[in-house]
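Observations on the three-dimensional arrangement
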Amino acid sequence: MSSSKRYVRLRNYIFLLYSSSCRYANKIETFDGSSTRFDADIETPNPNPSSVKKDDDLKLGRKLSRVFSEDYAKTNKTILDPRGAPLNQWNQVFLIAALISLAVDPLFFYLPVIKEDMCLDENVTLKITLTIIRSIVDIFYAIKIYVRFRTAYVAPSSRLLGRGELILDSSSISERYLKGEFWLDFLATLPIPQVMTWFHMVNTAMMSTKTSVLYFIMIQFLLRLYLTFRLGSHISKQAGLVANVAWVGAAYNLVLFMLAAHVIGAMWYLLAIERQGLCWVEICDLETECKRKYFDCVNVNLPLREAWYPTSNVSRICTDPDNFQYGLVEDAVQYSIASAGFFKKYSYCLWWGLRGLRTKRLEEYRVKRMDTEQWMHHRHLPDELRQRVRKHDLYKWITTRGVDEEEILRALPLDIRRDIKRYVCAELVRRVPLFDQMDERTVDAICERLKPVICTPGTCLVREEDPTNEMLFIMRGHLDSYTTGGGRSGFLNQCEIGPGDFCGEELLTWALDPRPSVIIPSSTRTVTAISEVEAFALTSEDLKFVATQFRKLHSKKLRHTFRVHSHQWRTWAACFIQAAWKRYKRRNEAAMLKAKETSNTPTISNKLNRA
């Protein structure tokens, strides 16, 4: 055999190994683009003997356990091709069913409702509707498991340049599926919401447990969410529902965004139910005639419950957000969302969820928090101080949502700004007894200069012996106020102040002084926040301006009111009374001792005379 002939043989043999994804033929294109025919005298090995054997098996109608993708059309299609159009269509159906499931599961959180009689009930109509829809969706999840048992897979050992053999053997497919993702699909198929709501909640007497069981639904929801994302990613790779049409992909992303708001709103609603229930329980524990079972609407007509409810403080305290710390769910209590109709409460909760997903504000908060963390790291602040800074920033973000109120007001005209300040602050300012009797112009002047202040528990607002730079009017929360009388040994006067109280009253005395001084007075008390506090601050410059412009602040009646409600003056009065009482006791004891000595003197003289 000539060398040129051996070269052609070697070249074509290498090419056959390289192009194993093509079927063996008598004529094949060579590397240089020419067409070479294999002569009968050239000893060419069979490039893929298994392919030839499979062709023979296909012609004879034998059952195959392995087959290449291009040969799948010739087989008996009882096993689905993972890259075929039928399975792709099924995956699209499963994706739609999964999205419906993700939308239905959070609706179970809306089952608890609060009636006007301060009891917890459930929406039976919604419960039946959700059970039917969820059961239908569960059938599709069961069909998906069956389809997975009938879907071929590519043998990992046969992959070559993107080509692989499909495993068609049912036992091999079942074994691989059972060892892999079967249990995830099985857990996702279980009717957990139906069982939890129809059996466990009905047999549960405790109100807190009735709402807590709903959180178990969230575990399966997270599992289905994970499987849905995997399925959507698989369809995208196969150029399916999402990738074929641009608007479908945009709609898919919009659905995911709305789904996130839907879940957040449902969780917020359930949290509001729990917070109201916690308030009920706390008030109930303080009343001897109250029992926790009274808050179940099943027991609302009990004679003992009907006798207890009119005299209870539950309806008065738990319906007012100022009397109980509802925190994030305060709006739900204020607008009675838990007692509203389904569409009203769902619309409000969905809006609340969308408001919580505003990305611009979140990004600003994230950037600001990163800057704060870098600054604290640069200054080597201890962990305790870092935690206090993080806690304050988080509470401020939750309260204001990153909105700078003062910046918004500064951009408005003076008359609009004055009207807004009056609407927001006037009623709160008049809650302070010091300003209750003031005229409208004085209140407007004070409101216009008030600045909002928020602080977290443990924050020291004023420290004894430090300069008093501002006067604080407490609107929400409680603070601990104490004084040591300038550091006197054994002296401590302590009290708790709350909504309607004020601190930093030394500034008012300084501002009302007819002989003005540039020296700011020192604080006589230390004030520390016990809970989250919202207040308004009036700086020393603003207070001095108001006192100068409005002479009614100098009236004797106002000064008398100020001294009555001032903790500084109360402390001074208490100390004065104590000192006067001690002086009185000392004088009284001295007088009694002198009288006793005087009465004993004649007796001693008589005894001496007799002797």
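Everything numeric here is computed off the predicted structure, so don't read it as measured data. All residue numbers refer to position in the chain's written sequence, counted from 1. Given that the model is predicted, a residue must reach a pLDDT of at least 70 before its local features are reported, and side-chain atom pairs must reach 80 or more before they are shown or counted; all residues, however, enter totals for whole chains, interfaces and linings. The side-chain quantities take in all heavy atoms of the structure and omit both hydrogens and water.

**Focus on the side chain of Gln-276**
Put simply, the test is: What counts as a helix is a DSSP run of H or I of at least four residues, what counts as a strand is a run of E of at least two, and both are numbered from the N terminus. Under the scheme applied here, a residue whose accessible area is under 20% of the maximum for its type counts as buried, over 50% as exposed, and between as partly exposed, the area being computed with a 1.4 Å probe on protein chains only. Whether two residues touch is decided by their heavy atoms; if any such pair falls within 4.5 Å, the residues are in contact.
Position of Gln-276 among the secondary structure elements: in helix 11 (residues 246–286). Residue classification places Gln-276 among the buried residues on the basis of a relative accessible area of 10%. If we skip the residues at most four places from it in the chain, Gln-276 touches Ile-114, Tyr-326, Val-333 and Ala-338.

**Thoughts on the sheet that holds strand 10 (residues 470–476)**
To keep things clear, this is the line we draw: DSSP calls a pair of strands paired once it identifies at least 2 bridges connecting them. To obtain an axis, a line is fitted to C-alpha atoms, over the contacting stretch when the element is a helix, and the angle between two such axes runs from 0 to 180 degrees between their N-to-C directions.
Spatially, 4 strands are ordered 8-15-10-13 in an open sheet, and the strand pairing comes out antiparallel. With one partner strand each, in any of the chains shown, strand 8 (451–455) and strand 13 (502–503) form the two edges of the open sheet. Across 5 bridges, strand 8 lies against strand 15 (residues 533–539) in antiparallel orientation. Along strand 15, the bridge assignment pairs Ile-454 with Glu-534. Here helix 17 (residues 383–400) sits on the sheet and contacts strand 8 and strand 15; the angle it forms with strand 8, its principal contact strand, is near 130°.

**A few points about the UniProt feature "transmembrane region" (unreviewed entry) in the protein**
Here is the rule: UniProt positions are given in the numbering used here, feature names are shortened, and annotations may be inferred rather than shown by experiment.
Mapped onto the present numbering, the UniProt feature "transmembrane region" (unreviewed entry) falls on residues 93–112, 213–229 and 241–271. With 60% helix and 5% strand, residues 93–112 has its two end C-alpha atoms placed 32 Å apart.

**Here we look at the nonpolar core**
Formally: For this analysis, a nonpolar core means a set of buried residues of the types Ala, Val, Leu, Ile, Met, Phe, Trp, Tyr and Cys, connected via side-chain atoms within 4.5 Å. As used throughout, domain bounds are those supplied by an automatic or database domain assignment.
By size, the foremost hydrophobic cluster in this structure holds 46 residues, and its most contacted members are Tyr-269 and Val-314. Residue assignment for this core shows that the elements contributing at least two residues are helix 3 (85–104), strand 4 (112–114), helix 4 (124–149), helix 9 (215–237), helix 11, helix 13 (314–317), helix 14 (330–334) and helix 15 (342–356). Considering each element in turn, this core owes the most residues, 12 residues, to helix 11. Taken domain by domain, this core gets at least three of its residues from each of domain 1 (64–240) and domain 2 (245–358). Apart from residues lying up to four places away in sequence, Val-314 is in contact with Met-118, Trp-280, Ile-283, Glu-287, Phe-295, Trp-308 and Thr-319. In this structure, Cys-425, Phe-502, Val-546 and Ala-547 belong to the second largest nonpolar core, which totals 23 residues.

**Description of the state of the cysteines**
Which entries qualify depends on this criterion: The disulfide definition used here is simple: a pair of cysteine sulfur atoms within 2.5 Å.
Under the criterion given, the structure shown has 3 disulfides. Disulfide pairing places Cys-119 opposite Cys-297 at an S-S distance of 2.0 Å. Disulfide Cys-119-Cys-297: the torsion about the S-S bond is 85°, which places it as right-handed. With Cys-119 in the loop between strand 4 and strand 5 (120–122) and Cys-297 in the loop between helix 11 and helix 12 (303–308), this residue pair connects regions lying 178 residues apart in the sequence. Per residue, the accessibility class of Cys-119 equals that of Cys-297, and both read buried.

**Overview of helix 15**
As a reminder of what qualifies: Multiplying 1.5 Å by the helix residue count minus one yields the expected span of that helix.
Here helix 15 contains 15 residues, and its C-alpha end-to-end distance of 21 Å stays within 8% of the 21 Å for a straight helix at 1.5 Å per residue. Of the residues making up helix 15, those classed as buried are Lys-345, Tyr-348, Cys-349, Leu-350, Trp-352 and Gly-353.

**Examining the sheet that holds strand 9 (residues 460–462)**
Here we have 4 strands laid out as an open sheet, ordered 9-14-11-12, and antiparallel in their pairing. Sheet topology places strand 9 and strand 12 (493–497) at the edges, where each strand pairs with a single neighbour. Mean inter-strand twist for the sheet, computed between neighbouring axes without regard to direction, equals 25°. Two elements, strand 11 (residues 479–483) and strand 12, share 5 bridges in a ladder whose sense is antiparallel.

**Points about the pattern of salt bridges**
Any two side chains of opposite charge can pair, given that their charged atoms come close. What counts, and what does not: Any Lys or Arg side-chain nitrogen located within 4 Å of an Asp or Glu carboxyl oxygen qualifies as a salt bridge.
Under the counting rule described, the total for this entry stands at 17 salt bridges. Its salt-bridge partner being Asp-138, residue Arg-134 comes within 2.8 Å of it at the nearest N-O pair. Taken as a pair, Arg-134 and Asp-138 lie in helix 4 at a separation of 4 residues, close to a single helical turn. A single burial state applies to Arg-134 and to Asp-138, both of which are buried.

**Let's talk about the packing of aromatic side chains**
Keep this limit in mind: Working definition: a ring pair exists when centres of Phe, Tyr or Trp rings (six-membered ring for Trp) sit within 6.5 Å. Plane angles under 30 degrees give stacked, over 60 give edge-to-face, the rest tilted. We call a charge positioned above a ring when the Lys NZ or Arg CZ atom is no farther than 6 Å from the ring centre and deviates by at most 35 degrees from the ring normal.
As enumerated under the stated definition, the model contains 22 aromatic pairs in all. Ring centres 6.0 Å apart and planes at 25° place the aromatic pair Phe-182 and Phe-186 in the stacked group. A residue pair is termed a helical-turn pair when its members lie 3 or 4 positions apart in one helix, as Phe-182 and Phe-186 do in helix 6 (residues 182–189) at 4 residues. Phe-182 gets classed as buried once you look at its relative accessible area, which sits at 12%. Assessed through its relative accessible area of 36%, Phe-186 is described here as partly exposed. Among the aromatic residues, ring-to-ring pairing joins Tyr-110, Tyr-269, Phe-342, Phe-343 and Tyr-346 into one connected group. Over the ring of Trp-198 we find Lys-127, and its NZ or CZ is 4.2 Å from the ring centre.

**Examining a positive patch on the surface**
What counts here: Surface patches are drawn from residues lacking salt bridges whose relative accessible area is over 30%; two like charges belong together within 9 Å, two nonpolar side chains (Val, Leu, Ile, Met, Phe, Trp, Tyr) within 5 Å. Residue-level accessible areas treat just the shown protein chains as cover; the underlying method is Shrake-Rupley with a 1.4 Å probe. In this charge count, Lys and Arg are treated as positive and Asp and Glu as negative; neither His nor the chain ends contribute. To locate a charge, the coordinates of NZ of Lys, CZ of Arg, CG of Asp or CD of Glu are taken.
On the surface, Lys-582, Arg-583, Arg-586 and Arg-587 cluster together into a positively charged patch. Summarising the element assignment, Arg-583 is placed in helix 24 (residues 567–610). A relative accessible area of 36% means that Arg-583 is categorised as partly exposed.

**A short note on the packing of helix 4 against helix 9**
Going by this rule: We call two directions roughly parallel when the angle between them is under 35 degrees, roughly antiparallel when it is over 145, roughly perpendicular when it lies between 65 and 115, and oblique otherwise. By definition, any crossing whose near helix is turned counterclockwise from its far helix by less than a right angle is left-handed, and any crossing with a clockwise turn is right-handed.
Interhelical geometry of helix 4 versus helix 9 gives an angle of 45° and a closest axis separation of 14 Å. In terms of axis orientation, helix 4 runs oblique to helix 9. Where helix 4 crosses over helix 9, the two elements pack in a sense that is left-handed. Residues Arg-134, Val-137, Asp-138 and Tyr-141 of helix 4 lie in contact with helix 9, whose contacting residues are Gln-220, Arg-224 and Thr-228.

**Some thoughts on the packing of helix 3 against helix 4**
When two helices pack together, their arrangement is given by the angle between their axes and by how far apart the axes lie. Test applied: Gly is put with the polar residues, along with every residue not named as nonpolar or charged; the nonpolar set is Ala, Val, Leu, Ile, Met, Phe, Trp, Tyr, Cys and Pro, and the charged set is Asp, Glu, Lys and Arg.
Their axes nearest at 10 Å, the elements helix 3 and helix 4 cross at an angle of 150°. Judged by the inter-axis angle, helix 3 sits roughly antiparallel to helix 4. When the axes of helix 3 and helix 4 are compared, the crossing they make is left-handed. Each of Leu-87, Trp-90, Val-93, Phe-94, Ala-97, Ala-98, Ile-100, Ser-101 and Val-104 in helix 3 lies in contact with helix 4, whose residues at this interface are Leu-130, Ile-133, Arg-134, Val-137, Phe-140, Tyr-141, Ile-143, Lys-144 and Val-147. Residues belonging to the contact of helix 3 with helix 4 are distributed by class as follows: 15 nonpolar, 1 polar and 2 charged.

**Examining the environment of Phe-94**
Looking at the secondary structure, you find Phe-94 in helix 3. For Phe-94 and Leu-231, which are 137 residues apart along the polypeptide, the C-alpha to C-alpha distance reads 8.4 Å. Setting aside residues no more than four positions away along its own chain, Phe-94 makes contact with Phe-140, Ile-143, Lys-144, Val-147 and Leu-231.

**Quick word on the confidence of the model for the protein**
To be explicit about the condition: By definition, pLDDT measures how confident the predictor is in each residue, and it falls between 0 and 100.
Per-residue pLDDT for the protein averages 75, and the proportion of residues at 70 or more is 72%. Here strand 1 (residues 27–29) stands out as the least confident element of the protein, with mean pLDDT 37; helix 4 is the most confident, with 91. Predicted confidence for residues 15–62 stays below pLDDT 50, and this span has 63 contacts to residues more than four positions away or in other chains.

**Details of empty space enclosed by the protein**
Stated precisely, the cut-off is as follows: The pocket and cavity definitions rest on a 1 Å grid over protein atoms only: a 1.4 Å probe that fits but cannot leave marks a cavity, an open set with protein on both sides within 12 Å along at least five of seven lines marks a pocket, and residues lining either have an atom within 4 Å of a point. Grid points are joined across faces, edges and corners, and a volume is the space filled by probe spheres set on the points.
Throughout the structure, instances matching the rule amount to 4 cavities of 30 Å³ or more. Estimates place the volume of the largest cavity at around 70 Å³. Listed by contribution, the elements that provide at least two residues to the lining of the largest cavity are helix 3, helix 4 and helix 9. When its residues are assigned to classes, the lining of the largest cavity shows 7 nonpolar, 1 polar and 1 charged.

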